[in-house]
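Structural features, examined
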Amino acid sequence: GEVERAYRSVLVVSIRAQTSAKDSRDVKNLLLPTWAKELVAEKFSEYDGREIQWGDDDSLIAIFSGAKASYDCANSIQEELMANPEICPKIIFKIGLSTGQPVTENGDFFDKVLKLSHRLCNAARDNQLLISTLAAKLAKADIQTPYFNNRIVLPAEEQLLTDLFKITEGDLAE
């Protein structure tokens, strides 16, 4: 097929609940973070993201036509999740955002950008957004707000993450 030159951004959000359960008798304290997942899905829609399914884990993933919309969506998600510390269950989240061509020369459909976003999400600290260099550039990202502790990942760091995950994913597959 023909290579598409337009860029797409992929936003990956991982959410997990914090629990006060100490053992199996505290099952009533094992709550799913549905409120947070619903909020993320609403934000995807609000910023014109198209939610997609990911079979490898329960991450929430959306594809955006514009880097700015995806970046604004990520910031809005982060802001709202952090603004609700009293809602139960309490949650921890991580966000990864990258941008790339939807179809590469070797025919991969979003594969590279999807994997990078997912890897950035996995590498993020609790409640942090990691954003790829290209996504930051196209979104004109301003991450000067120290409150969120967000960061733009340098190209060398992106490559290191890719290499490390390839090694660990390869070892786990065997």
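Right above here is the structure, for reference.
This text gives an overview of the structure that appears in the document. (Residues numbered from 1 in each chain as written. Predicted model: local features only at pLDDT ≥ 70, side-chain atom pairs only at ≥ 80, totals over all residues. Heavy atoms only, no water.)

Here we take up the environment of lysine 115. Looking at the element boundaries, lysine 115 is found in helix H3 (residues 111-123). Lysine 115 sits in the partly exposed class, given a relative accessible area of 34%. (Helix = DSSP H or I, 4+ residues; strand = E, 2+ residues; numbered from the N terminus. Buried < 20%, exposed > 50% of the residue type's maximum accessible area, 1.4 Å probe, protein only.)

Moving on, we get to the packing of helix H1 (residues 34-46) against helix H2 (residues 67-82). Orientation of H1 relative to H2, taken along the N-to-C sense of each, is 150°, at an axis distance of 10 Å. Taken together, the axis directions place H1 and H2 in an arrangement best described as roughly antiparallel. As H1 runs across H2, the sense of the crossing is right-handed. Every residue of H2 that contacts H1 at Trp35, Ala36, Leu39, Val40, Lys43 and Phe44 is listed here: Cys73, Ser76, Ile77, Glu80 and Leu81. (Axes fitted to C-alpha atoms, helices over the stretch in contact; angles between N-to-C directions. Parallel < 35°, antiparallel > 145°, perpendicular 65-115°, else oblique. Left-handed = near helix turned anticlockwise from the far one by under 90°. Contact = heavy atoms within 4.5 Å.)

Our next topic: the side chain of serine 98. Mapping serine 98 onto the fold places it in strand S4 (residues 91-100). At a separation of 2.6 Å, a polar atom in the side chain of serine 98 contacts the side chain of serine 117. The residues touching serine 98, leaving out its near neighbours within four places in the chain, are Arg8, Ser9, Val10, Val113, Leu116, Ser117, Leu120, Ser132 and Ala135. (Polar contact = N/O pair within 3.5 Å; in protein donor to acceptor, adjacent residues only side chain to side chain.)

Taken by themselves, the reported measurements are silent on function.
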